[in-house]
Amino acid sequence: TQLLEQSPQFLSIQEGENLTVYCNSSSVFSSLQWYRQEPGEGPVLLVTVVTGGEVKKLKRLTFQFGDARKDSSLHITAAQPGDTGLYLCAGPASGGSYIPTFGRGTSLIVHP
Amino acid sequence: NAGVMQNPRHLVRRRGQEARLRCSPMKGHSHVYWYRQLPEEGLKFMVYLQKENIIDESGMPKERFSAEFPKEGPSILRIQQVVRGDSAAYFCASSPQTGVNTGELFFGEGSRLTVL
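Now for a description of the structure that goes with this document. Everything numeric here is computed off the predicted structure, so don't read it as measured data.

Cut-offs and rules
Numbers given for residues are sequential positions, taken from 1 along each chain in its written order. To read the labels, note that chains go from A and ligands from 1, taken in the order they are written. Confidence filtering applies because this is a predicted model: local features only for residues at pLDDT of at least 70, side-chain atom pairs given and counted only at 80 or more, and all residues used for totals across whole chains, interfaces and linings. Working from all heavy atoms in the structure, the side-chain values ignore hydrogens and water. Only heavy atoms matter for contacts: two residues are in contact if any of them lie within 4.5 Å across the pair. The term buried area means the drop in 1.4 Å probe accessible area that two parts suffer when joined, counted for both and summed. Two N or O atoms count as a polar contact when they lie within 3.5 Å, although within protein this holds only if one can serve as hydrogen donor and the other as acceptor, and sequence-adjacent residues are included solely when both atoms are side-chain atoms. For helices the rule is a DSSP run of H or I covering at least 4 residues; for strands it is a run of E covering at least 2, with both sets numbered from the N terminus onward. Only Phe, Tyr and Trp rings take part, Trp by its six-membered ring, and two of them pair if their centres are within 6.5 Å. Stacked means planes under 30 degrees apart, edge-to-face means over 60, and tilted covers everything else. Exposed residues in this analysis have more than 50% of their type's maximum accessible area, buried residues have under 20%, and partly exposed residues fall in between, with area computed by a 1.4 Å probe over protein chains only.

## As for the interface of chain B and chain A
- The interface of chain B with chain A comprises 24 residues on the first partner and 24 residues on the second.
- Taking both sides of the interface into account, the surface hidden between chain B and chain A amounts to around 1800 Å²; carbon and sulfur atoms contribute 53%.
- In this assembly, chain B and chain A are joined by 6 residue pairs in polar contact (both at pLDDT 80 or more).
- Going through the elements one at a time, strand 4 (31-37), strand 5 (43-50) and strand 10 (106-107) of chain B are the ones with two or more residues in the side of chain B that touches chain A.
- Here the element with the most residues in the side of chain B that touches chain A is strand 5 of chain B; it accounts for 4 residues.

Rendered as structure tokens:
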């Protein structure tokens, strides 16, 4: 079983479209990270959300942490081909080990 | 500032040989994590180390796999008697002490092991 479930698994869209990807869990997370990974490279940290209900913006990317700290979403406005990549959510579960656990990711392709 | 450095980037081994993967964490980072990634799967935790100590190895197979992070030098993930199922991308990540509680990790570019 996967502690963090990400959806959709794959997403293929045209440049200029908006999209939202989701990260859900039955566990509470003390914090949650979003990473982007490009083919042949390592994941790169995009953002950390800590407080329930928190919203963070990074240019055209908007990250939200659920009120109960069990879920998160990433919204991209006016997607560009440079946004193509694997988006991973991760976090250390509360009350236990601080080892970050990862979802399987959403693979996004933005066509020009 | 140098990021997390991993080498080799690509490694080819025949079944039964040994593979050694090296990782130098970011400057100032004393915590190292190793993850394995297979196609269509997420990153699977293997082992968490601090200098000279293994903190958590719950994700690492008991046999053939070992890891160390000596006082001097890089962290090393060692796979003995490799089998085809060991073929994967192995990622090292580091964090500063302040990052341990938030879970923020800084990854290297990975070492891709192919077992023939």
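## Some details on the packing of aromatic side chains
All names here are of chain B.
- Applying the stated rule across the entire model yields 9 aromatic pairs over all chains.
- Ring centres of Y33 and Y48 lie 4.5 Å apart, and the angle between their planes is 5°; this geometry places the pair in the stacked category. Note that Y33 is positioned in strand 4 and Y48 in strand 5, a separation of 15 residues in sequence. You'll find Y33 and Y48 in the same group, each marked buried.

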